[in-house]
Amino acid sequence: MGTSVFYFVAALSILFSLMVIFSKNPIHSILYLILTFFTFTVHYVLLNAQFLAVVNFIVYMGAIMVLFLFVLMLLNLNKENEPNKSALLKIVGVIAGCCLIVTLIGSLKSVSLNDPLVLRNPNLGLVKNLGKELFGPFMLPFELSSILLLSAMVGAVLLTKKEGNI
Amino acid sequence: MNNVVENLQGVPLSHYIWLSTIIFSIGVVGVLTRRNAIVIFMSVELMLNAVNLLLTAFSVHSNDPSGQVFVFFIMALAAAEVAVGLSIIVMVYRNTKSIDINVLNRLKW
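The rules behind each value
- Residues numbered from 1 in each chain as written.
- Chains lettered and ligands numbered in written order.
- Predicted model: local features only at pLDDT ≥ 70, side-chain atom pairs only at ≥ 80, totals over all residues.
- Heavy atoms only, no water.
- Disulfide = S-S within 2.5 Å.
- Helix = DSSP H or I, 4+ residues; strand = E, 2+ residues; numbered from the N terminus.
- Polar contact = N/O pair within 3.5 Å; in protein donor to acceptor, adjacent residues only side chain to side chain.
- Buried < 20%, exposed > 50% of the residue type's maximum accessible area, 1.4 Å probe, protein only.
- Domains from an automatic or database assignment.
- Axes fitted to C-alpha atoms, helices over the stretch in contact; angles between N-to-C directions.
- Parallel < 35°, antiparallel > 145°, perpendicular 65-115°, else oblique.
- Contact = heavy atoms within 4.5 Å.
- Nonpolar A, V, L, I, M, F, W, Y, C, P; charged D, E, K, R; others polar.
- pLDDT = per-residue confidence, 0-100.

**Student:** Explain the state of the cysteines to me, using residue names and the numbers behind them.
**Tutor:** Think of a disulfide as a covalent bridge from one cysteine sulfur atom to another cysteine sulfur atom. Here the structure, examined in full by the defined rule, presents zero disulfides over all chains. Cysteine 98 of chain A carries a free sulfur, and the closest cysteine sulfur to it, the one in cysteine 99 of chain A, is 7.1 Å from it.

Here's what the structure looks like:
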């Protein structure tokens, strides 16, 4: 067993994220994105970050994905107005992405971070520990993020209103 | 739960960096190659998630809970961003009857 679970889940997340950007139908993209987020939840559980795993499950796979699916079904897209880029631009984009991977991995090769990741404090990512951190030193950013969410909600309502009613 | 998780650890930190790099680059490729605005948005979400995973891995590596708090803030930010961005897409679709981003090319100047 050992570390093979990580490599299996990592391969799955790379595969599903490739399917997100290469599938033709946007609905299929969203469904593959849900699977990708599920593999990320498994990664968080493997890192023993249980609070983040639950939040990722609820926020991303619940709220954001429902929002994406709802908007996509609201827009009533047909096959004929499915936009498509030319093949040359696609090839150029893929080559640029490969160059980015090679550059980042090549620059990180010189930094040797090969020591295995061991959890020294077993309750590092539990709710009790993170709650103490969140309501202690990070009190002000936590309250500011509530204002951010409120303003985003007001902005979304204002943007999608029909013109003339404002 | 803890015993199960401890048996599964021991992955080098560089492999987490490689995984996050690959998924971030997949997101960049998605932004560069697609013209559907919603798929571009989903690629941005992929990039945000790659960064989240890397922050969590470094937080476990340096035994510091601040990294996981930052991930929580990034998730709140992503929720706000998705709400505003999708409403902009709905408004664009209502005005142009399409979500092709090349319709918006006059925004360049």
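Now that the structure has been shown, we can carry on.
**Student:** So what's going on with the side chain of serine 145 of chain A? Residues and values would help.
**Tutor:** Within the element layout of this structure, serine 145 of chain A appears in helix α6 (residues 139-159). One polar contact links the side chain of serine 145 of chain A to the main-chain carbonyl oxygen of phenylalanine 142 of chain A, over a distance of 2.7 Å.

**Student:** Just give me the short version of the environment of glutamate 133 of chain A, but keep the residues and values in it.
**Tutor:** Residues and elements named next belong to chain A. Its place among the elements puts glutamate 133 in helix α5 (residues 127-134). Overall, glutamate 133 belongs to the buried group, its relative accessible area being 17%. Separated by 108 residues in sequence, glutamate 133 and asparagine 25 place their C-alpha atoms 43 Å apart.

**Student:** I'd love a proper account of the domain arrangement of chain A, names of residues and values included.
**Tutor:** When its domains are assigned, chain A resolves into domain 1 (1-78), domain 2 (86-122) and domain 3 (135-166). The distance between the C-alpha centroids of domain 1 of chain A and domain 3 of chain A comes to 25 Å.

**Student:** Mind laying out the packing of helix α2 (residues 26-46) of chain A against helix α3 (residues 37-61) of chain B, listing which residues take part and the relevant values?
**Tutor:** Helix packing geometry: the angle between the two helix axes and the distance between the axes. The interhelical angle for the contact between α2 of chain A and α3 of chain B, taken along N-to-C directions, is 5 degrees, at an axis separation of 11 Å. Between α2 of chain A and α3 of chain B, the crossing angle belongs to the class labelled roughly parallel. On the side of α2 of chain A, the interface is formed by Pro26, Ser29, Ile30, Leu33, Thr36, Phe37, Phe40, His43 and Tyr44 of chain A, while α3 of chain B contributes Val39, Met42, Glu45, Leu46, Asn49, Ala50, Asn52, Leu53 and Thr56 of chain B. Of the residues that constitute the contact of α2 of chain A with α3 of chain B, the class distribution is 11 nonpolar, six polar and one charged.

**Student:** Requested: an account of the confidence of the model for chain B, with residues and values cited.
**Tutor:** For chain B, mean pLDDT is 85; residues scoring 70 or higher make up 90% of the total. Reported confidence for the predicted complex is 0.88 by ipTM and 0.89 by pTM.

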